[in-house]
Amino acid sequence: MSVRIGLEIHVQLNTLRTKLFCSTPSDYHDKPPNTLVCPVCLGMPGTLPVVNRRAIEAAIMVALALNCEIAPRILFVRKHYFYPDLPKNYQISQYDGPGMFPYARKGWLRISAGGRTKIVRIRRINIEEDPGKLTYPTGSMLTSPYSLVDYNRSGMPLLEIVTEPDMESPQEARAFVEKLIAVLDYLGVCDHRKEGAFRVDANVSIEGGARVEIKNIGSAKDVERALEFEIARQRSVVASGGKVRRETRHWDPVRKVTVPIRIKEVEEDYRYFPDPDLPPIDVPRSWIEEIAEKMPELPDQRIERFVKQYGIDEYRAAVLVLNKRLADLFEECAKMYRDYKKLADWLITDFLRWVKDLGIDLESKKVEPIAIVKLLRTLDEGRISIRMAKELLPKVIAENLDVEEYIKRTGMEKISDVETLKRVIEEVFRENPKAVKDALKNKKAVNFLVGAVMRKTRGRADPQLTVKLIEEKLREIAREI
Ligand SMILES: [Zn+2]
């Protein structure tokens with residue numbers, strides 16, 4: 001059954017110093033309510049908005065990174081609706097309609113999902129102001145006797161990025177969101193970890209049926225989950241002979257279900273018209289070129305460079321690059337450690353798993369490249385076993401453990417001394433006469449003896465040498481019998 005998914009993503013440009021139309025500081029997260037406001041972002045009568053040029057530059061950067069055509073003029077319009085978080089009763093936005101147009105359109109982004117690479121087209125990008133935020137004393141809109149409004153967010157620069165319905169599975173939608181987050185991260189225009197910085201609405205239909213919109217999904221993983229649920233729900237409606245209704249649903253991340261919020265019969269009429277307070281901004285070619293020159297390296301370019309420079313395959317390169325901090329760590333380690341493939345493998349498997357398990361945020365926690373390099377070097381030199389290396393890795397990540405120093409201090413070094421190992425094997429043979437008997441008949445039973453040696457040495461015995469010595473000893477016994 002065919003599935004079509006389109007995404008509408010709101011991205012807050014929250015790394016700028018000020019809001020979109022006033023000089024009020026924009027770092028409102030964790031600030032007391034209604035402390036970062038001014039007459040402009042409170043929509044007081046008689047005030048006039050003035051465009052933040054840096055916000056426009058950031059928006060153009062995003063459009064260039066998403067391969068969009070950029071309009072020669074930026075035209076702001078008023079989108080009218082009443083809601084308590086919108087003090088002017090209109091939002092300064094952009095619109096694709098007669099005499100009006102978005103600042104960017106017809107772009108694309110390459111994604112990889114399920115081993116397949118594809119292009120997702122971007123229909124358009126709008127730049128607009130964020131409304132304020134409503135909060136509910138009991139935490140829920142349904143049970144609170146009243147609501148509170150915080151205008152700190154009011155007037156924050158916001159991009160609305162709308163894709164064509166090119167995604168055919170929840171995995172592809174998630175891959176798109178992850179790739180977009182990476183692009184924004186490389187551009188440095190959005191810290192997606194901040195609350196409300198990144199909001200996704202997803203449209204989904206099956207078999208050409210009615211389109212259902214799921215509102216306000218907060219993370220890439222939840223985009224996948226919400227769509228999986230919604231597709232299953234629509235399929236069961238169709239399977240039981242029903243018809244999917246066109247409606248808007250809400251994703252409940254706690255119960256992991258979508259719930260209906262309203263039935264959409266017609267498009268709302270927002271009575272858009274050009275904002276007379278804001279003259280159109282000309283965007284000459286020369287300005288776009290100037291911005292293009294300042295653009296940092298983007299994920300796709302970095303993947304390509306990793307493949308060329310380090311000789312690793314595209315899959316590994318992509319996993320590293322999608323997480324900028326991880327890719328930076330890889331490059332710092334690569335200056336000191338030449339087995340790039342091995343380095344990449346450690347970072348994208350065991351390292352990432354531990355980072356997740358330990359709940360470490362690579363953005364705020366610095367993992368020292370030298371600590372990783374020392375772990376791999378001592379492993380290469382045969383001074384620790386692979387099992388020991390894996391055991392030490394969480395300490396390397398969490399405490400930047402110096403592995404060289406640690407194995408010297410604790411005497412944890414791998415045992416590859418023949419005499420020492422022979423003594424341990426002697427003991428193991430004495431303590432396990434039945435296992436020795438089995439091993440003489442059955443080669444597979446040797447593993448038990450190897451395991452016993454490993455346990456006795458707490459994993460420090462050189463595994464290959466241990467197997468060799470045990471086999472020698474068994475041959476000796478066989479000759480004696
Ligand atoms: Zn303001």
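These figures come from a predicted structure and were not determined experimentally. (Residues numbered from 1 in each chain as written. Predicted model: local features only at pLDDT ≥ 70, side-chain atom pairs only at ≥ 80, totals over all residues. Heavy atoms only, no water.)

Burial along strand E4 (residues 77–80) is two-sided: Val77 and Lys79 facing one way and Arg78 and His80 facing the other are all buried. By the bridge criterion, four bridges tie E4 to strand E5 (residues 90–93) in an arrangement that is antiparallel. Bridged to lysine 79 within E5 is glutamine 91. (Buried < 20%, exposed > 50% of the residue type's maximum accessible area, 1.4 Å probe, protein only. Helix = DSSP H or I, 4+ residues; strand = E, 2+ residues; numbered from the N terminus. Pairing = 2+ DSSP bridges.)

Take the side chain of arginine 124 next. In this fold, arginine 124 is placed in strand E7 (residues 116–129). Polar side-chain contacts of arginine 124 include one of 2.8 Å to the side chain of glutamate 160. (Polar contact = N/O pair within 3.5 Å; in protein donor to acceptor, adjacent residues only side chain to side chain.)

Another point: the coordination of the zinc ion. Protein coordination at the zinc ion: the donors are Cys22 (SG), Thr24 (OG1), Cys38 (SG) and Cys41 (SG), at 2.2 to 2.3 Å from the metal. Between the four donor atoms coordinating the zinc ion, the angles at the centre fall across 92 to 117 degrees, so the site counts as tetrahedral. Ordering the donors of the zinc ion by residue number gives the pattern C-x1-T-x13-C-x2-C. (Donors = N, O, S within 2.8 Å, 3.2 Å for Na, K, Ca; no water. Tetrahedral: all angles 85-135°; square planar, octahedral: opposite > 155°, others 65-115°.)

Scanning the entire structure with this criterion turns up 58 salt bridges. Glutamate 129 is paired through a salt bridge with lysine 88; the nearest N and O atoms lie 2.6 Å apart. With glutamate 129 in strand E7 and lysine 88 in the loop between E4 and E5, the pair connects residues that are 41 residues apart, well separated along the chain. Owing to a relative accessible area of 23%, lysine 88 belongs among the partly exposed residues under this scheme. Of the charged contacts, one joins arginine 105 and aspartate 96 as a salt bridge, the two residues approaching to 2.9 Å between their closest N and O atoms. According to the relative accessible area criterion, arginine 105 is partly exposed, its value standing at 30%. On the accessibility criterion, aspartate 96 (38% relative accessible area) is partly exposed. Because the salt bridges share partners, they merge into one network encompassing Asp185, Asp191, Arg193, Lys194, Arg325, Asp361 and Glu363. (Salt bridge = Lys/Arg side-chain N within 4 Å of Asp/Glu carboxyl O.)

Our next topic: the environment of alanine 58. Tracing the sequence through the fold places alanine 58 in helix H1 (residues 53–65). The sequence separation of alanine 58 and leucine 376 amounts to 318 residues, and the corresponding C-alpha distance is 40 Å.

To continue, consider the environment of tyrosine 310. Mapped onto the secondary structure, tyrosine 310 falls in helix H5 (residues 299–310). Here the alpha-carbon distance between tyrosine 310 and glutamate 290, two residues 20 residues apart in the chain, equals 31 Å. Look past the residues within four positions of tyrosine 310 in its chain and what remains in contact with it is Arg305, Phe330, Glu331, Ala334 and Tyr340. (Contact = heavy atoms within 4.5 Å.)

Okay, helix H15 (residues 463–480) next. Given a rise of 1.5 Å per residue, 18 residues ought to cover 26 Å, and the 26 Å separating the end C-alpha atoms of H15 matches this to within 8%. Turning to H15, its buried residues are Leu465, Thr466, Leu469, Ile470, Lys473 and Leu474. Down the axis of H15, the sector holding all buried residues measures 170 degrees, keeping them to one side. Facing away from the buried surface of H15 by more than 90 degrees, the exposed residues are Gln464 and Arg479. Along its buried surface, H15 packs onto helix H12 (418–431), helix H13 (433–441) and helix H14 (446–456). Capping of H15 at its N-terminal end is provided by aspartate 462; its side-chain oxygen lies 3.1 Å from the backbone amide nitrogen of glutamine 464. (Expected span 1.5 Å × (residues − 1). Arc of directions from axis to C-beta.)

As a further point, take the domain arrangement of the protein. Partitioning the protein into structural domains gives domain 1 (3–290), domain 2 (297–410) and domain 3 (418–480). For domain 2 and domain 3, the distance between their C-alpha centroids amounts to 35 Å. (Domains from an automatic or database assignment.)

This paragraph deals with the packing of aromatic side chains. Taken as a whole, this structure holds eight aromatic pairs when the rule is applied. Judged by centre distance (5.3 Å) and plane angle (80 degrees), the ring pair of phenylalanine 21 and phenylalanine 76 falls under edge-to-face. Within this pair, whereas phenylalanine 21 is found in the loop between strand E1 (3–12) and H1, its partner phenylalanine 76 is found in the loop between strand E3 (73–74) and E4, the two being separated by 55 residues in sequence. The same class applies to phenylalanine 21 as to phenylalanine 76, namely buried. Ring plane angle 70 degrees and centroid distance 5.9 Å describe the contact between tyrosine 270 and tyrosine 272, whose orientation is recorded as edge-to-face. Of the aromatic side chains, those joined through ring pairs into one cluster are Tyr81, Tyr95, Tyr270 and Tyr272. For the cation-ring pair, lysine 324 lies above tyrosine 186, with the distance from its terminal atom to the ring centre recorded as 5.8 Å. (Phe/Tyr/Trp six-rings, centres within 6.5 Å; stacked < 30°, edge-to-face > 60°. Lys NZ or Arg CZ within 6 Å of the ring centre and 35° of its normal.)

Every α-helix carries 3.6 residues per turn, so stepping three or four residues along brings you back to the same face. For helix H3 (residues 220–239), with 20 residues, the first-to-last C-alpha span of 29 Å sits near the 28 Å given by 1.5 Å per residue. Looking only at H3, the buried set comprises Ala220, Asp222, Val223, Glu224, Ala226, Leu227, Glu230, Ile231, Arg233 and Gln234. One or two positions beyond H3, positive phi appears at glycine 241, with a value near 85 degrees.

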